[in-house]
Structure formats: C-alpha cells, structure tokens
Amino acid sequence: MTGFGWKLHGDGRHLAPGEVVKPGERLSWGRTIALGAQHVVSMIGACFVAPVLMGLDPSLALMASGVATVLFLVMTRGRIPSYLGSSLSFVGVSAVIARQGGNAGTLTGSMLVVGACLAGCGIAIQVLGARVIHAVLPPAVTGAVVMLIGFNLAPVTASTYWPQDQWTALLTMLFTGLALVVLRGFWSRIAIFLGLVFGYALSWVLDRTTGRIHSANGSGQITDHWRIDFSGVAKAHWIGLPHFHAPDFSASAILVALPVLVALVAENAGHVKAVGEMTGDPLEDKMGMAIAADGTATMLSTAVGGPATTTYAENIGVMAATRVYSTAAYSAAAAFALLFGLCPKFGAMVAAIPGGVLGGITVILYGMIGLLGAQIWVRNKVDFAVPLNLVPAASGVIIAIGGVSLKITNHFELNGIALGTLIVLTGYHALRWLSRAAAQRRMPLLDAGTSDYDRTTTKPE
C-alpha cells in the first residue's frame, strides 16, 4: 500500500537477491530508523554547506529540510522516495544579492518568490503533462543554465574563501577529490562531508601547532585570527529553537534569483525520472506534483528564514546501494533532521567551519554544479554543430561567467546569472521561431577536428 500505512516486506529483515523494498513497504522499524539515519548522514554535508555559504542559520536549514521532506511525501502520496535538503543553486544568487547590499531577509524573500513560481510550474506541468518541460526547456537550454549557475560561483571561492587559508583550502580540496574518486559505496556518497571533517580537523591542528594565521577573515579584512572560532559554540544552548526571520522582498533581488527556476525544474524532473527507473514505477504522472511539492516546501522554509529546498541526489545513491526505496526511511530521516535542528550548539559547530575549508570544498562543489550542465548535454546528445544549440548557450555562459552587465535605466540593470539565463532562454526560442532552418543541420561552426572527426575519418579495412 502506498502512503503512510507501510506494508512489512517479507520478514522485515532480509532481502533475497534481486528483491527491492518498494516505497509503500518497509523493513523492521529498527532497520528503517537506521536507514533514516544513514540518509541524514548522506545529505548532511551539502545540507549544511548551502546555508553556511549563503549566511543563513544551518540549524534552521536542517529543521526546515525535515519539515519539507514530510510535506513532499504527503503531497506525492508516498510514491516518490526523496529527501528535500538545502538547495545549492542559490549560492551564486546570494553572493550577487550581498554585493547589491541585500541581507538574509532579501535573499529569503527572493527565494520565496522563486518557490512560488516553482509551485506554479509544477501545477501547470501536472495539468498539461510532462512534455511541456521538454518543449520550454530543451536540454540545450537547461544544460547551459545549470552550467552558468555553477561557473558563476568561481569568484566567490577565489576572492572570499580561498584567501582565508590557502594551504588548508588546497589540502581540503585534494582530500575531498581523493575521497570522491577512490572511495566506494556509501563512503563515496558522503565524500563532501568527509572533506569538511578533514578540513575542520586540519584547521584545529594548525591552530594548536602554528598559532594564528595572518590572512583575510570572513569579512575580508587582513588580520591575525584563529582558523576556528568556537566563541559561538560556547554561547549556544544544547536545546532551543533556531533563529527565525521574516523575508524581505526586493525587485532587483527577485530578478537575480528567478533564473534558478530553470535549474530547479530540470533538477526535480531528473530526480523523478531517476527514481522511477530505480523503483520500476513510471512517475511521469507525478512529476508535476513533485515539482509543486518542492516549490511549496521552499515557500514554507524561506517564509521563516530558511533556505530553498530541492531533491537530493545523495539519497538516490543510498537507495541504489541498499535497494530500499521505502518512504518510511525518509520519514525517519525527517524526524532526525527535526531533532538535530533543535540543537543550536550543533548548528554553531557547523557555522564555525573555517573559510579555508569552505574554499577547498567549493572549488570542487561549484565545479561539479557547472559540469552537471555539460552532463545534461552529453546524456541528451546535444549537437553543437547545430548553430541553434551553440550560439545561445555560448553567449549566455560567457555573459554569466564574465559578469557582463546590461544597463536598462539608471536604477535597473541585468547582469551575471540573470542576463545569461535570459540570453540562453529567449535566444534559443527566438532563433527557433525566426528560422526553422536554424534547427536543421548546417555546416558546423566548430572546426571539423572537433565536430565531424568521427564521420570524416576513413574506417580501417
């Protein structure tokens, strides 16, 4: 039975070869709770990194993720096993809004609007069918937007985090990369979390052995300071509510944040497809509801000062490894997240992560976000010999990464992510409408050595 009346799978203890625990089933409650804890460990690194990078309360983020997950399970009627954690897609947005003079309230206000738009998109997709996603957001467009969002973050690492402690950043980057490549199974899926632990421990050791570091601190001032500042941890209570704050709405901030909507729709659609393939249950009919659920959860989280939410790929890996797709395990994970969110001292420990550690982590993390765009192109076999695919994507990515600005009036301008996304989205559809011939294969704009090599080389006899 699907929903919240889970049926015990077999004896609740063992899985025969080839068997899986379906979303409407569960193992024994002891094993289900343990699997829930494993899901929390799997997602906790990214779930905490996102709010820290955006200047939001990590304890509130964790609590909000628990509430968001329960809401998602209810709205999808327990058919889609998924955990909703903090979205990293808005990290670049937060940096732009901060440069414009915005604060945490401005950021959460812009994310709330994006959440409302996402919920609206989900409802439209549920009514019109999943095919509307492919019509409005073809892979050439989606891949470009995801790529420019990730690569636009490069200056944040280079100018904010890395200079705080370059050697710790370098070693953390190397350790995290090694963990991602060498480790297998569950450990590889929590490599980001392991990198945070390694960098944290390294910073603690360096503070004890080499003393204060002379470098930029979190505010960018060059001072002598400890890598780890535990003053906030000492003041934090063991039990208490996280810090709530109301959103603030700014037209310029909302405009900067809206392009992330494209990435969120693509992210959710990909997640639903992946889970459907894994569980053997086609979920196309629930795709719109899943997107609407994520949008609603984002609105709920940001309304009290939390980050936007999104489905987490880390937890797909846990399901693949365990062959347990039970939504009961996700309910247990949500309960754990709520409990951790009620421990301010735990959140203060996370907030004390040194800037150098974040520098090492974000080099990999931001690069991975950007290259997910390339992965979308590869998986969907986007042909860049076709000018319609090449020109809008190339233009938008360069505009976003380079921080190009377009001044509309004395008080309004488009730049970075917003302008890049607008160029990709409108450019693709405008060119397609203006010339149907542009969609046909023409002489490639790239040289033959990169686009037609395989078709022009002579096959061996």
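Residues numbered from 1 in each chain as written. Predicted model: local features only at pLDDT ≥ 70, side-chain atom pairs only at ≥ 80, totals over all residues. Heavy atoms only, no water.

### Considering the packing of aromatic side chains
Right, on to step 1. One pass over the structure, following the stated rule, counts 3 aromatic pairs.
Right, on to step 2. Ring geometry for W6 versus W29: centroids 6.0 Å apart, planes at 85 degrees, classification edge-to-face. Taken together, the residues span a long stretch of sequence, with W6 in the segment before β1 (7–8) and W29 in helix α1 (residues 29–54) at a distance of 23 residues.
Right, on to step 3. Residue W6 is classed as buried on the basis of its relative accessible area, which comes to 16%.
Right, on to step 4. W29 sits in the partly exposed class, given a relative accessible area of 41%.
Right, on to step 5. Taking the centre distance of 4.7 Å and the plane angle of 80 degrees together, the rings of W377 and F384 count as edge-to-face.
Right, on to step 6. By relative accessible area, which is 13% here, W377 ends up buried.
Right, on to step 7. Here the guanidinium or amino end of K345 rests over the ring plane of W238, the centre of that ring lying 5.3 Å away. (Phe/Tyr/Trp six-rings, centres within 6.5 Å; stacked < 30°, edge-to-face > 60°. Helix = DSSP H or I, 4+ residues; strand = E, 2+ residues; numbered from the N terminus. Buried < 20%, exposed > 50% of the residue type's maximum accessible area, 1.4 Å probe, protein only. Lys NZ or Arg CZ within 6 Å of the ring centre and 35° of its normal.)

### A word on the nonpolar core
Right, on to step 1. Counting 96 residues, the largest nonpolar core has L53, M54, L88, F90, V93, V265 and Y366 as its most contacted members.
Right, on to step 2. Not counting residues up to four positions away in its chain, the partners in contact with F90 are M54, M111, V114, A257, V260, L264 and A308.
Right, on to step 3. Ranked by size, the runner-up nonpolar core spans 5 residues in total, among them V21, L27, V324 and A329. (Core = buried A, V, L, I, M, F, W, Y, C linked by side-chain atoms within 4.5 Å. Contact = heavy atoms within 4.5 Å.)

### Overview of the confidence of the model for the protein chain
Right, on to step 1. When pLDDT is averaged across the protein chain, the result is 80; 85% of the residues are at 70 or more.
Right, on to step 2. A low-confidence stretch, residues 448–461 (pLDDT under 50), is modelled with 7 contacts involving residues beyond four sequence positions or located in other chains. (pLDDT = per-residue confidence, 0-100.)

### Re the packing of helix α8 (residues 166–182) against helix α10 (residues 191–210)
The relative placement of two packed helices is expressed as an angle between their axes plus a distance between the axes.
Right, on to step 1. The geometry of α8 relative to α10 is characterised by a closest axis approach of 9 Å and an angle of 150 degrees between their N-to-C directions. Compared by their axis directions, α8 and α10 come out roughly antiparallel. The hand of the α8/α10 crossing is right-handed. In this structure, α8 uses T168, L171, T172, F175, T176, A179 and L180 to contact α10, whose residues at the interface are A191, I192, L194, G195, F198, G199, L202, S203 and L206.
Right, on to step 2. Taken together, the residues of the contact of α8 with α10 break down into 10 nonpolar, 6 polar and no charged. (Axes fitted to C-alpha atoms, helices over the stretch in contact; angles between N-to-C directions. Parallel < 35°, antiparallel > 145°, perpendicular 65-115°, else oblique. Left-handed = near helix turned anticlockwise from the far one by under 90°. Nonpolar A, V, L, I, M, F, W, Y, C, P; charged D, E, K, R; others polar.)

### Some points on the environment of Y312
Right, on to step 1. Here Y312 shows up in the loop between β6 (309–311) and α15 (313–322).
Right, on to step 2. Sequence-wise, Y312 and S87 are 225 residues apart; in three dimensions their C-alpha atoms are separated by 8.6 Å.

### Examining α8
Right, on to step 1. The end-to-end C-alpha distance of α8, which contains 17 residues, comes to 24 Å, matching closely the 24 Å that a straight helix rising 1.5 Å per residue would cover.
Right, on to step 2. What α8 keeps buried is the set T168, A169, T172, M173, T176 and A179. On an axial view of α8, the arc spanned by its buried residues comes to 135 degrees, and they lie on one face. Turned more than 90 degrees from where α8 packs its buried face, W167, L178 and V181 sit exposed. (Expected span 1.5 Å × (residues − 1). Arc of directions from axis to C-beta.)

### Let's talk about unusual backbone geometry
Right, on to step 1. Phi at R77 takes a positive value of approximately 55 degrees, unusual for a residue other than glycine.
Right, on to step 2. Tracing the sequence through the fold places R77 in the loop between α2 (58–75) and β3 (84–86).
Right, on to step 3. The exposure class assigned to R77 is exposed, which follows from its relative accessible area of 58%.
Right, on to step 4. In this structure, K381 is a non-glycine residue whose phi angle is positive, near 55 degrees.

### A look at a nonpolar patch on the surface
Right, on to step 1. Together, L178, L180, V181, V182, L183, W187 and M368 make up an exposed nonpolar region whose accessible area comes to about 650 Å².
Right, on to step 2. Assignment of secondary structure puts M368 in helix α18 (residues 355–379). (Patch = residues over 30% accessible without salt bridge, like charges linked within 9 Å, V, L, I, M, F, W, Y side chains within 5 Å. Areas by Shrake-Rupley, 256 points an atom, 1.4 Å probe, with all protein chains shown as cover. Salt bridge = Lys/Arg side-chain N within 4 Å of Asp/Glu carboxyl O.)

### What to know about the packing of α2 against helix α17 (residues 344–351)
Right, on to step 1. Axis separation between α2 and α17 bottoms out at 8 Å; the angle between their running directions is 120 degrees. Contacts from P58, S59 and L62 in α2 reach P344, F346, G347, V350 and A351 in α17.
Right, on to step 2. Here the residues of the contact of α2 with α17 sort into 6 nonpolar, 2 polar and no charged.

### Description of helix α16 (residues 327–341)
Right, on to step 1. With 15 residues, α16 ought to run about 21 Å at 1.5 Å a step, and its terminal C-alpha atoms sit 21 Å apart, in line with that.
Right, on to step 2. Those residues of α16 that fall on the buried side of the exposure criterion are T327, A328, A329, Y330, A332, A333, A334, A337 and G341.
Right, on to step 3. Measuring from the side-chain oxygen of the N-cap residue of α16 to the backbone nitrogen of A328 gives 3.0 Å; that N-cap residue is S326. (Polar contact = N/O pair within 3.5 Å; in protein donor to acceptor, adjacent residues only side chain to side chain.)

### Overview of the side chain of T298
Right, on to step 1. With respect to the secondary-structure elements, T298 resides in helix α14 (residues 287–303).
Right, on to step 2. A residue is classified by how much of its surface remains accessible, and T298, at 2% relative accessible area, is buried.
Right, on to step 3. For T298, the contacting residues outside a window of four places in its chain are M111, G115, A308 and T309.

### What to know about the environment of A352
Right, on to step 1. Counting through the fold element by element, A352 comes out in the loop between α17 and α18.
Right, on to step 2. Distance in space between the C-alpha atoms of A352 and F230 is 6.6 Å, their sequence separation being 122 residues.
Right, on to step 3. Apart from residues no more than four positions distant in its own chain, A352 is found in contact with Y200, I228, D229 and V233.

### Some points on the side chain of T108
Right, on to step 1. Note that T108 resides in helix α4 (residues 104–128).
Right, on to step 2. Using a relative accessible area of 0% as the deciding quantity, one classes T108 as buried.
Right, on to step 3. When neighbours within four sequence positions are excluded, T108 is seen to be in contact with L56, H245, A246, P247, T302, G305 and G306.

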